[in-house]
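The primary structure of each chain is shown beneath.
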Amino acid sequence: QVELVQSGGGLVQPGGSLRLSCAVSGSILSIDTVGWYRQVPGKERELVVEVFPGGMTKSADSFEGRFTASRDNAKNTMYLQMNNLNPEDTAVYYCNAHVRLFTGVPYGAWGQGTQVTVSS
């Protein structure tokens, strides 16, 4: 079974920084496009940034300059560096990965989510 395990969330003061990690494990041949999402209770899950196999990223204008996504293919791990956080960034953050199983079948999986709270 493919698993995505997240870490790095927590409490941070406004203006602070956090780095989230998402490690992929299981019988996979490759990790294709991955994404970071966030969700506030009562609101729709929101795409933060996509990370493509070569490391290129695509994000909404509202996140550009503060959030930086990257991936380490050798470690099957993705990262989200969040800088200059503000209270509006408070949410549960999820990673998502499109992978290819050892059988050759494509598969999508979600991490368990991690709480990020920005408060003074």
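Residues numbered from 1 in each chain as written. Predicted model: local features only at pLDDT ≥ 70, side-chain atom pairs only at ≥ 80, totals over all residues. Heavy atoms only, no water.

Below, the discussion takes up the state of the cysteines. According to the stated counting rule, one finds one disulfide in the structure shown. The partner cysteine of Cys22 in its disulfide is Cys95, sulfur to sulfur 2.0 Å. Across the disulfide from Cys22 to Cys95, rotation about the S-S bond amounts to roughly 65°, and the bridge is consequently right-handed. Here the residue Cys22 occupies a position in strand β3 (residues 18-25), and Cys95 occupies one in strand β9 (residues 91-101), the gap between them amounting to 73 residues. As far as the burial class goes, Cys22 and Cys95 line up, both buried. (Disulfide = S-S within 2.5 Å. Helix = DSSP H or I, 4+ residues; strand = E, 2+ residues; numbered from the N terminus. Buried < 20%, exposed > 50% of the residue type's maximum accessible area, 1.4 Å probe, protein only.)

Opposite charge on two side chains permits pairing when their charged atoms draw close. For the structure on display, the rule yields three salt bridges. Glu46 is the salt-bridge partner of Arg38, the closest N and O atoms lying 3.1 Å from each other. With a relative accessible area of 11%, Arg38 lands in the buried category. By relative accessible area, which is 33% here, Glu46 ends up partly exposed. (Salt bridge = Lys/Arg side-chain N within 4 Å of Asp/Glu carboxyl O.)

This part is about the side chain of Asn96. Within the fold, Asn96 resides in strand β9. Take Asn96: its relative accessible area is 7%, and that puts it in the buried class. At 3.2 Å, the side chain of Asn96 and the backbone oxygen of Ala109 are in polar contact. (Polar contact = N/O pair within 3.5 Å; in protein donor to acceptor, adjacent residues only side chain to side chain.)

Let's shift gears to the sheet that holds strand β7 (residues 67-72). In spatial order, the strands read β1-β3-β8-β7; together these four strands make up an open sheet with antiparallel pairing. Only two strands of the sheet have a single partner each, and these edge strands are β1 (3-7) and β7. Adjacent strand axes in the sheet meet at a mean angle of 15°, parallel and antiparallel pairs treated alike. With six bridges joining them, β7 and strand β8 (residues 77-82) adopt antiparallel strand pairing. Bridge pairing in β8 places Phe67 opposite Met82. (Pairing = 2+ DSSP bridges. Axes fitted to C-alpha atoms, helices over the stretch in contact; angles between N-to-C directions.)

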